[in-house]
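# A look at the structure
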Amino acid sequence: MKKIVVAIDGPAGAGKSTIAKLAAEKLGYAYIDTGAMYRSVAWKFLQTGKPFDEDFISGLSKTMLIDFKPEAKINRVFVDGTEVTDAIRTPEVTAIVSRVAAIGAVREAMVDQQRRMGEAGGVLMDGRDIGTVVFPNAQLKIFLTASVEERARRRYAEMVAKGQQVDLQQLQADIAERDKQDSERAISPLRQAEDALLLDTSDMGISEVTERILQLVQERAQ
Ligand code: CDP
Ligand code: CDP
């Protein structure tokens, strides 16, 4: 069977990373979490303590080496050899990542790396612009979504399970705000590619969605 490129896009909390990781394991594909790459740039910028400056952040993004090391339950992320798996998920990074990801030169640097990571095929890549910009010729494009209420409930459950204190209404407002920023930005906004299949997972469990995607990959990889 051919090893294809699978592009999975959609808003925050739709289940992209959970499902892409599971499907990649079953298929023996690489899983690339492009959101983790933009989060890594935001993390590196916050480490410097400098005020927000597009040119400065663009410069940082061009010299960063981002690496993934997938393990059974987690996908470890490294920036220039330092592990940032947890550090890129803090509220501080989440609050600023969409502003960082709206910078054109940052996107160019990340898209370059993403294309190199996926060029040989056998990859599931998740993000916001994979089917529209990074791999417009991907053999399979999925737009994964769910209602904002359901996505907020999922994130809430995940954070509570980790012992984090969080307010559900605030979380929902933050997710809605980030979706708005991602959808309305000038460069590579979050949108469904014309040839992407829409999967609304509001009432679907993780294994059901994963099975559906595995079935689609098998069809397209013939
Ligand atoms: O996991 P979560 O849904 O919270 O978001 P993420 O996938 O980690 O992505 C974090 C942010 O990175 C998004 O809100 C976007 O602003 C940005 N991003 C992007 O602009 N393009 C991508 N291909 C992936 C993420
Ligand atoms: O990557 P993205 O932001 O799209 O979402 P995620 O981080 O994969 O999923 C957010 C949370 O929703 C995780 O805790 C998943 O376990 C959960 N989830 C779910 O409950 N049902 C689904 N169909 C998909 C994800």
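I will try to describe carefully the structure that is included in this document. Per-chain numbering applies: the sequence of each chain, read as written, is numbered from 1 onward. Naming scheme: in the order in which they are written, chains are lettered from A and ligands are numbered from 1. Residues qualify for local features only when their pLDDT is at least 70, as the model is predicted, and side-chain atom pairs are given and counted only at 80 or more; totals for whole chains, interfaces and linings, by contrast, use all residues. Only hydrogens and water are set aside; all other atoms, that is, all heavy atoms of the structure, feed into the side-chain values.

Bringing helix α9 (residues 206–220) into the picture now. An α-helix turns once every 3.6 residues. As a result, residues three or four positions apart point the same way. Helix and strand assignments follow DSSP, with helices taken as H or I runs no shorter than four residues and strands as E runs no shorter than two, numbered in order from the N terminus. One less than the number of residues in a helix, times 1.5 Å, gives the span that helix is expected to have. Counted at 1.5 Å a residue, the expected span for α9 with its 15 residues is 21 Å, and the 21 Å between its end C-alpha atoms agrees. Two residues qualify as a contact provided that any one of their heavy atoms is within 4.5 Å of a heavy atom in the partner residue. Elements in contact with the buried residues of α9: β1 (5–9), α1 (16–27), β7 (140–145) and β8 (197–200).

To continue, consider the pattern of salt bridges. Salt bridges are counted wherever a side-chain nitrogen of Lys or Arg sits within 4 Å of a carboxyl oxygen of Asp or Glu. Counted by the stated rule, this structure contains 15 salt bridges. The partner of Asp 33 in a salt bridge is Arg 89, with the nearest N and O atoms 3.3 Å apart. In this pair, Asp 33 sits in strand β2 (residues 30–33) while Arg 89 sits in the loop between β5 (82–83) and α4 (91–101), placing the two residues 56 residues apart along the sequence. Measuring nitrogen to oxygen at the nearest pair gives 3.6 Å for the salt bridge that ties Arg 185 to Asp 182. The pair formed by Arg 185 and Asp 182 is uniform in burial state, with each residue classed as buried. One network of salt bridges, with partners in common, ties together Glu 71, Arg 76 and Glu 83. Under the scheme applied here, a residue whose accessible area is under 20% of the maximum for its type counts as buried, over 50% as exposed, and between as partly exposed, the area being computed with a 1.4 Å probe on protein chains only.

Nearness is judged by heavy atoms alone; a residue qualifies as near a molecule or strand once a single heavy atom is within 4 Å of it. Taken together, 19 residues sit near ligand 1, with Arg 39, Arg 107, Asp 129, Arg 178 and Asp 182 positioned nearest. Distance and chemistry together define a polar contact, namely a pair of N or O atoms within 3.5 Å, with one atom able to donate a hydrogen and the other to accept it when in protein, and with adjacent residues in sequence counting only for side-chain atoms on both sides. Between Asp 129 and ligand 1, the recorded distance is 2.8 Å, taken from a side-chain N or O atom to a nitrogen atom. Contact between ligand 1 and Asp 182: an oxygen atom at 2.6 Å from a side-chain N or O atom of the residue. Summarising the interface, the protein chains cover 97% of the accessible area of ligand 1, which totals 530 Å² for the free molecule. Put simply, the parts of the chain that give the shell around ligand 1 at least two residues each are α2 (34–48), α4 and α8 (168–184). It is α2 that contributes the most residues to the shell around ligand 1, four residues altogether. Using a 1.4 Å probe, the Shrake-Rupley method yields the accessible areas, and only the shown protein chains count as cover for residues.

Just geometry here; none of it tells us what the structure is for.
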